[in-house]
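Residue-level structure breakdown
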Amino acid sequence: MRTQYRMTTSIIKIAKLNILGYLLPIKVGHQNTHTKVSTEHNKECLINISKYKFSLVISGLTTILKNVNNMRIFGDASEKNLYLSQLIILDTLEKCLAGQSKDCLRLDETMLVKQLLPEICHFIHMYREGHQHAAELRASASAVLFSLSCNNFNAVFSRISTRLQELTVCSEDNVDVHDIELMQYINVDCSKLKRLLQETVLKFRALKKPAQLAVINSLEKAFWNWVENYPDEFTMLYQRPQADMAEAAEKLFDLVDSFAESAKRKAAVWPLQIILLILCPEITHTISKDTVEDSKANKKLFMDSLRKALAGQGGSKQLMESAAIACVKLCKASTYINWEDHSTIFLLVQSIVMDLKALLFNPAKPFWRGTGSQNADVELMMDCFVSCFRINPHNNQHFRSHLDWWPKIDAVYCYSGELRFMFSDTLNRVVQGIGTHASLRMTPSLTFKGKMTTSLKFKEKATELDTRSYKCLLLALVKLIHADPKLMLHNPVKQAPEMQSSTAELITGLVQLVPLTNTTQLSQEAMEALLVLHQPETIELWNPDAPIETFWDISSQVLFLICRKLIGQQMVNGTEVLKWLREILICRNKFLLKNKECATMGGGIPVCRQAQTKLEVCLYMFLWSPDTEAVLVAMSCFRHLCEEADIRSAADELPVQNILPNYATFSELASVSNMMGTGRSTLQKRVMALLRRIEHPTPGNIGAWEDTYGKWDQATKQILNFPKNKADDGQQEWINMTGFLCALGGVCLQQRNTPGPATYSPPMGPMSERKHSMISMSPCDGSNPVASATSCSSSASSETPVSRFLDRLLALLVCGHDRVGLHVRTNVKDLLGLELSPALYPMLFNKLRNSIGKFFDTQGPVPINDTNTQFVEQTIAIMKNLLDNHTEGSSEHLGQASIETMMLNLVRYVRILGNVVHAIQIKTKLCQLVEVMMERRDDLSFCQEMKFRNKMVEYLTDWVMGTSNQAADDDIKCLTRYFTLFMNLLNDCSEVEDEGQAVGGRKRGMSRRLASLRHCTVLAMSNLLNANVDSGLMHSIGLGYHKDLQTRATFMEVLTKILQQGTEFDTLAETVLADRFERLVELVTMMGDQGELPIAMALANVVPGSQWDELARVLVTLFDSRHLLYQLLWNMFSKEVELADSMQTLFRGNSLASKIMTFCFKVYGAAYLQKLLEPLLRGVITTPEHISFEVDPTRLEQSENLEENQRNLLQITERFFQAIIGSSSEFPPQLRSVCHCLYQATCHSLLTKATVKEKKENKKAVVSQRFPQNSIGAVGSAMFLRFVNPAIVSPYEAGILDKKPLPRIERGLKLMSKILQSIANHVLFTKEEHMRPFNDFVKSNFDSARRFFLDIASDSPPSDSVNHSLSFISDGNVLALHRLLWNNQERIGQYLSSNRDHKAVGRRPFDKMATLLAYLGPPEHKPVADTHWSSLNLTSSKFEEFMTRHQVHEKEEFKALKTLNIFYQAGTSKTGNPVFYYVARRNEIRSDEKPLCVHPAHCSAPLSSLVRLAVYN
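Residues numbered from 1 in each chain as written. Predicted model: local features only at pLDDT ≥ 70, side-chain atom pairs only at ≥ 80, totals over all residues. Heavy atoms only, no water.

Take the packing of aromatic side chains next. Under the criterion given, the structure shown has 27 aromatic pairs. On the basis of an interplanar angle of 45 degrees and a centroid distance of 4.6 Å, the ring pair of Phe-638 and Phe-666 is categorised as tilted. One end of the pair, Phe-638, is in helix H28 (residues 628-652); the other, Phe-666, is in helix H30 (residues 663-672), with 28 residues separating them in the sequence. Residue classification places Phe-638 among the buried residues on the basis of a relative accessible area of 0%. Among the aromatic side chains, those forming a connected cluster through ring pairs are Tyr-1168, Phe-1227, Phe-1280, Phe-1283, Phe-1348 and Phe-1349. (Phe/Tyr/Trp six-rings, centres within 6.5 Å; stacked < 30°, edge-to-face > 60°. Helix = DSSP H or I, 4+ residues; strand = E, 2+ residues; numbered from the N terminus. Buried < 20%, exposed > 50% of the residue type's maximum accessible area, 1.4 Å probe, protein only.)

What follows deals with the confidence of the model for the protein. Mean pLDDT for the protein: 75, with 72% of residues reaching 70 or above. Per-element mean pLDDT across the protein ranges from 33 in strand S1 (residues 776-778) up to 93 in helix H27 (residues 606-622). Low confidence marks residues 393-401, where pLDDT is under 50. Its contacts with residues over four positions away, or in another chain, come to 24 contacts. Under a pLDDT of 50 for its full length, residues 1245-1269 has, in the predicted model, 40 contacts with residues more than four places off or in other chains. (pLDDT = per-residue confidence, 0-100. Contact = heavy atoms within 4.5 Å.)

Take the packing of helix H10 (residues 209-229) against helix H16 (residues 317-334) next. Angle between the axes and distance between the axes: these two values describe a pair of packed helices. Relative orientation of the contacting elements H10 and H16 amounts to 20 degrees, with a least axis distance of 12 Å. For the element pair H10 / H16, the angle class is roughly parallel. In this structure, the crossing between H10 and H16 has a hand that is left-handed. Contacts from Glu-220, Trp-224 and Glu-228 in H10 reach Lys-329, Lys-332 and Ala-333 in H16. The residue makeup of the contact of H10 with H16, split by class, is 2 nonpolar, no polar and 4 charged. (Axes fitted to C-alpha atoms, helices over the stretch in contact; angles between N-to-C directions. Parallel < 35°, antiparallel > 145°, perpendicular 65-115°, else oblique. Left-handed = near helix turned anticlockwise from the far one by under 90°. Nonpolar A, V, L, I, M, F, W, Y, C, P; charged D, E, K, R; others polar.)

Turning to the environment of Ala-483, a few remarks are in order. You can see Ala-483 is positioned in helix H20 (residues 464-483). Judged by relative accessible area, Ala-483 falls into the exposed class, the value being 65%. Linking Ala-483 and Glu-528, residues 45 residues apart in sequence, is a C-alpha distance of 9.7 Å.

A word on unusual backbone geometry. A positive phi angle is found at Glu-653, which is not glycine, with a value near 55 degrees. By relative accessible area, Glu-653 is classed as exposed at 72%. Here His-1322, not a glycine, exhibits a phi torsion of approximately 65 degrees, which is positive. Structurally, His-1322 is set in the loop between helix H57 (1303-1321) and helix H58 (1335-1340). When its relative accessible area of 37% is taken as the criterion, His-1322 is described as partly exposed.

What follows covers the environment of Leu-566. You can see Leu-566 is positioned in helix H25 (residues 547-567). Classification of Leu-566 as buried rests on a relative accessible area of 6%. Taking the C-alpha atoms as reference points, Leu-566 and Val-577, separated by 11 residues in sequence, lie 8.3 Å from one another. Once you skip the residues sitting within four places of it in the chain, Leu-566 turns out to touch Met-571, Gly-574, Val-577, Leu-578, Leu-581, Cys-618 and Phe-622.

Written out as structure tokens, the structure is:
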């Protein structure tokens, strides 16, 4: 087991090495995010493994490195991939070597290191060969060598020593000194340096001059490696001098001194000699004395020569420059020595420092060693400058803390103003030098308008050399900001506005450097500096007096400027800048989280909103980038937008959607960015799926769509005019943009129409082929005619950008370009069918319908050509993809536009294409589309579904029959035709099967296809007979007795299918017509889960106003018969309340709700009014003739007294009012239900009726909330207006009195009704002067009336306790319902499809209604002038009133008669009248019983009247 474990572990380790090799860019090409992450993961695994299996990992990495180095490459891309691969291997090696344990060194590991060393040296030595990436590779290899030498110094030292030995015996002048230079890069401590010095002492004299110079240069750098990595050892050297180190250094000094025979050689060796003296603390102490022994004389002489040369007395400029270098190194080394040691070296420094400063920092004579040494000069002066600050005990200034005794940097913060001015000055010089005309302050602060430093204007253009110099200075200043941002932000004396202005100037200046493409290093450093400036602790320093406000102002400017550049694609390194922008967003959120209590303070300024919009636009537009890494980075940035919204919403205690409307989708986009192994195509599909879910239009997504549309327009022109390989990134970007516009287009529908860029359409072949195309032809430029789904006229400018985009896509569906036409057509078809936003479905359907409709606009035959056929085929594919696509939201939008016309036109066009192979393929695809369409029929909108389906069946069967038959007028003939077709198909299948058996297995494939055809045919026959059982079964029943056994078997199979489908044979019953009408009534009175009445409310909304009286009668009758009157009233009254403008207009107009209320009062309240008002009215009409009720002074007779008349009117009004309010106990229970429903509709909170504004504010939306004082007043007002007062004013017409009252009485009744109405309305008289005297009476009865209204409206009696007077349904009402539904069938379908309130109910109620209406057929409109029926008013309510008045519904004989179903109606007579059948056997009469029903002539009233009315109706 242990052996097996070791083997498994080794296999895993080897596999990791192999995987790393396979993932290198030289193997896989350009790395995407997935391969980069995988590579980093494997690197980490190998680093961890190397801690335990060092030899295995190093050996494998060395092998990989050798193989990569030996690869032959061609081209720049391959060279870059090779360079990246080498960097990955070197970086892995460096980390593995750095983690090597010092306690486990073995011989095999040492041997492996010796194998690796030559490969590493290869990269260090290639620098001189002018390799393009040599500098970076050398830096990485140097890091490997440094880590390698930590634990394997002997191997490296052996290589150096061996090379030194070889050079001692070499006679050539041009020798290879590369291995000697290795000592510059190795890890050197005190003991290792000592060994290097001792080895050099032994062999220096025998070396040739080039080798000696190489040793001198390399030892100097090795010394600084030691000092910088082990400063404590160097410090300890002066506290405890080491004799062996000093001995080796002194010997080497003497050897080098003897080598320096000439001034040139002296200049070469002086920097090393000063270092060797530094390594000898005792000698430096000795030579500081006036007299020294002979062995130290040359050291003292060296220092004297150094001072003279530094002062310009050396006689040679070369010596002076070398002396300056040596003295700077002396000063620099002295800073690593503790002042408390009182070393003599400080005396040496003090003796030369003044001359050194005078030489290096003389403005009159700048220090300059030549053109090629500019950078070295700058480094030298910087070392001197820093060293002078460090060694001056009175000026404790420095730039980075390294040793304890070095001073702190805050001492130079006082120079921040000068540094900022230097930065601004240098920035302007650089910008002017490279030809950039951008202002320093690209976006001024919108919060503070403080005075900012003005940019300098130069009279003369800077030279190229000056520009380079300023770039170097600017780079140094930016690095300084990066190192310590406080140095530039220090403003101790400035006021808050000035402080914010100076900070804004600094940061916007850095922003200018980010997009500079010709200075990559400067751009990168500027981004790093901005990132440091956005750290939370640094943001506090922008303006300590107002940090939050300043943050929103300045940081928003940064986002705005950077995003504007990214949107304009003005940055070559856009992906890297986006990654940096993501880090900026992270820093912003950290700062906001740190100040979460006041995070939104000052966040409402315009620039903040502009930045938010620009950032959204930028991130959206990166989603269609062909670079997968850029897409993933942009998606991850949405996470930080959500985090910021969370912080801001918590601070303001608002829903996060108020700040970021599409928060949920942004979160999903961010989560997808973590997906591993995502290919470019898969990622784009996921992105577009999420974009389709964006619901809320914002300036960000609208701007992104419009900007992308502009770029897409240009890209389309580019692709069509200058086509390239379809795999080109440009075409992939075009595809991504097209998908982006399709997926996000839905949010643009609510925007204002704005003119977009000029349209462009692709070439589509010769004009001769396009003559009769549905695509309109119009030359947009005079010479090159192009095709477009819409013309290029100016009318297109009035369309929305989304509409123009869809028009362009439809034109591209038939793109005829030779090279890219197929590629464009295929992608547009797929994107429209699979990625289009569901919100654009209705617009697309309408455009497709209009485009295909152009085929049939002209007179004559349909134009058939390749372009039209291609468009039809593309349309079929798009529609099938759309209907197959069950994405979220598709069902909601599919039904918003009808596709009936388009589908019929598609079939009309395809049916005449002929029978060529391509035409049959198109027909097959169209059949598949029809099949999918019927599967999604519940989501689609059909205005006349039965007609549409019948027409589709007719067209499709024509293809099978090979003819173009017209639809038969008779349904039986149509059924026969279809049935004959299916039988013929079955016979053909049988004949072919018989022939197939004779030829054996050669036609097995055909047999399988015929079996499938036979199955489909049997299923079609089953469905046909199932839908037409009454006529179809009678027509086909004879096939069961056919002499052909195959025919009989087929019929039995069809019959079995019918039975398996659960077909109901109710239609064969003798009561089929009555049953269908009963089901129609049930469908209209059907109620949904939320109390909605889909069919009834749809009918109420589409019936013309002229038919409202009839509809009111029908609806009340039907719903009361089903005990659902309350639900009908609730829906109607709630709708009326919602639409009312004010309380005064409620139920005042002739609306359907008002007519329903009036009908209810009339039917249910007739007996109540008769009993209540008849005695009162008879008392009024019997008053003496001298009594008058006229109160209008202008209408008084001379003999009349106004006051007396007023008293008369008050008396009768008092009697009537008291009688009315005292009759609450006798108020009909049905009317109580009506009043209660009306009261509830105006009292309860119905949020579903709220306006958009009220919904947002979560307010109530009923009339009682809008008119809270008069909720019960609506009941009283409606009751008197529609019920009581009409009966009082017109008692004869209401049937209460037998004759009309006299005019004076009518006048009094009218005036009384006004007073009663004012009491009910709870208002006083103001306009009519003659009625004002009654205001006291009106006001005194407000409370009484209110109590009465509350009494009759507060409670609704249970449904079971209410006598449903209309529990029967007359034939007249059912026939009227049939007529209303039939005439408004199409409008009902459109209403249900478009009305969102009924969307939850679905289309099933409408489908059932359409099916029933199809079975019932059109309502009969036969002339009745010649019959006795003509005298009957079939639309009146006399029948209902008769039934109510005599309470026939309560009589047992009526109930028994109703259950017998003695009568039923079927067919018509020769004269066209309906025929009623009397089933005598059902009316069994025993000898001891009185017959329930006899001939109407022998019936006694009221039963005889009932039967007669029932028959007539």
